[in-house]
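Coordinates in review
Below are the chains, spelled out letter by letter.
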Amino acid sequence: MKIATWNVNSLKVRLPQVLDWLRDNPVDALCLQELKLDDDKFPLQAFVDAGYQAQWAGQKTYNGVAIVARQDCLDIQRNIPALDDHQRRIIAATLKCPAGDVRIVSAYCPNGQAVGSEKYAYKLSWYAALRDWLSDELARFPRLAVLGDYNVAPEDRDVHDPAKWEGEVLVSQPERDAFQRLLDLGLSDAFRQFPQEEKSFSWWDYRRFAFRRNAGLRIDHVLLSPALQPLCSACVIDKAPRGNEQPSDHAPVVATLDFGSAS
DNA sequence: ATGGTTGCGTAGCAA
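Residues numbered from 1 in each chain as written. Chains lettered and ligands numbered in written order. Predicted model: local features only at pLDDT ≥ 70, side-chain atom pairs only at ≥ 80, totals over all residues. Heavy atoms only, no water.

The name given to chain A in an unreviewed UniProt entry is Exodeoxyribonuclease III, and the organism recorded there is Allopusillimonas soli. Under the heading Sequence similarities (unreviewed entry), UniProt records this for chain A: "Belongs to the DNA repair enzymes AP/ExoA family." (UniProt positions renumbered as here; feature names shortened; annotations may be inferred.)

Have a look at this one:
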């Protein structure tokens, strides 16, 4: 089973690239972020035609998340239950699998804009609510995978120029601490379970030829519960779509889960 | 040097 996450920065603009990518990378489930479209604008039929189902939590202009999956999606949860928030940043679903159901979360964590800003405070409080909710989810669903744009580079090796980024938003210690509290629940960063190239990133600013210079950050992550982590045999960032014409500023991240012969 | 790019929506904000 392959699961993936991709911040597409407008599904309307990126739909052809998402469909092309799914054709070439027929994953079982793809978590999307930053749809930037309302619920009634979600292009369901295009995914159905490609052999997928979908569940989504849309929002006009900002945010919006989805899970596109081959399997039936059950027990859909939109938003963090305890958080009174109009921003659409979370959707969760249980994927029916012969080898055992898997709970999938598609998360678009707040960007935070700038350290000390109102949006930064919102980011930290949102992370605390996410932690509390994921603690409950882990208890309910031992086989839990949380995929998305976390807007946090966990370590200096996830930053192209740590000295320049020191203390900046996406890298600051309070944000890293908030991310670490997710790992403290028992979740593990699938990408770091395997040897990786140095300077592996998942996001590159549109400006200043950042992708060409590989001036990026690793802020898109696949977090796996203790029950799933041993089943994960690979986790890779697919840089190719970032080189497309009119690309998203993020690259997809793909994790492979081996359930044995059944799946 | 405080720039630069993209998307949304049609000015200026968010990322």
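Additional details are given in the paragraphs that follow.
Helices and strands together make up the secondary structure of chain A, namely five helices and 14 strands. A globule of 263 residues ought to have a C-alpha radius of gyration of about 18 Å, and chain A, at 17 Å, matches this closely. Counting only C-alpha atoms, chain A reaches 50 × 40 × 40 Å along its principal axes. The buried share among the 263 residues of chain A stands at 56%. Long-range contacts, defined here as pairs at least 24 residues apart, represent 68% of the contacts in chain A between residues at least 6 apart. With the model as given, the accessible surface of chain A reaches about 11600 Å², and the carbon-plus-sulfur share is 49%. (Helix = DSSP H or I, 4+ residues; strand = E, 2+ residues; numbered from the N terminus. Rg over C-alpha atoms; globule rule 2.2 N^0.38 Å. Buried < 20%, exposed > 50% of the residue type's maximum accessible area, 1.4 Å probe, protein only. Contact = heavy atoms within 4.5 Å. Areas by Shrake-Rupley, 256 points an atom, 1.4 Å probe, with all protein chains shown as cover.)

A word on helix α1 (residues 11-24). For α1, spanning 14 residues, the distance from its first C-alpha to its last is 18 Å, which sits close to the expected 20 Å at 1.5 Å a residue. For α1, the principal kink sits at Q17 and spans about 30°. Listed as buried for α1 are L11, R14, L15, Q17, V18, W21 and L22. (Expected span 1.5 Å × (residues − 1). Bend = angle between axes of the 7 residues up to and from the residue.)

Moving on to the protein's contact with DNA strand B. Inspection of the region around DNA strand B gives 18 residues, with S10, R14, T61, K119 and R207 positioned closest. Those atoms of DNA strand B that come within 4 Å of the protein belong to sugar or phosphate at a rate of 64%. Contacts to DNA strand B include S10, whose side-chain N or O atom sits 2.5 Å from a phosphate oxygen. Between DNA strand B and K119, the relevant distance is 3.1 Å, taken from a phosphate oxygen to a side-chain nitrogen or oxygen of the residue. Taken together, the residues of the surface near DNA strand B break down into four nonpolar, six polar and eight charged. (Near = heavy atom within 4 Å. Polar contact = N/O pair within 3.5 Å; in protein donor to acceptor, adjacent residues only side chain to side chain. Nonpolar A, V, L, I, M, F, W, Y, C, P; charged D, E, K, R; others polar.)

With that out of the way, let us pick up the sheet that holds strand β9 (residues 188-189). Read from one edge to the other, the open sheet built from six strands follows the order β5-β6-β7-β8-β12-β9, with strand pairing classed as mixed. The two strands at the open ends of the sheet, each matched to only one other strand, are β5 (73-78) and β9. The sheet contact formed by strand β6 (residues 90-95) and strand β7 (residues 102-108) spans six bridges and is antiparallel. Each bridged residue has a counterpart across the sheet, and for I91 the counterpart in β7 is S106. On the sheet, helix α3 (residues 118-140) packs against β5, β6, β7 and β8 (144-149) and is oriented at approximately 10° with respect to β6. The strands touched by helix α5 (residues 173-183) within the sheet are β9 and β12 (220-224), with β12 carrying the most contacts at an inclination of about 30°. (Pairing = 2+ DSSP bridges. Axes fitted to C-alpha atoms, helices over the stretch in contact; angles between N-to-C directions.)

Following the UniProt record, one finds the feature "domain: Endonuclease/exonuclease/phosphatase" (unreviewed entry) at residues 4-250. For the annotated span residues 4-250, helix accounts for 23% and strand for 25% of the residues, and the straight-line distance between the end C-alpha atoms is 13 Å.

Regarding α5, the residues found buried are E175, R176, A178, F179 and L182. Here the buried residues of α5 occupy an arc of 155° about the axis, which is enough to place them on one side. Contacts made by the buried residues of α5 are with α3 and β12. (Arc of directions from axis to C-beta.)

Before going further, it helps to spend a moment on the packing of aromatic side chains. Under the criterion given, the structure shown has six aromatic pairs. When the centroid spacing of 5.7 Å and the interplanar angle of 25° are considered together, the rings of F42 and F47 count as stacked. Taking relative accessible area as the criterion, F42 reaches 7% and is therefore assigned buried. Here the aromatic rings of W126 and Y127 are separated by 6.2 Å at their centres, their planes lie at 75°, and the arrangement is edge-to-face. You can call Y127 buried: its relative accessible area is 1%. Site record: aromatic cluster; members linked through ring pairs are F42, F47 and W56. Here the basic side chain of R70 rests over the ring of Y52, its NZ or CZ set 4.0 Å away from the ring centre. (Phe/Tyr/Trp six-rings, centres within 6.5 Å; stacked < 30°, edge-to-face > 60°. Lys NZ or Arg CZ within 6 Å of the ring centre and 35° of its normal.)

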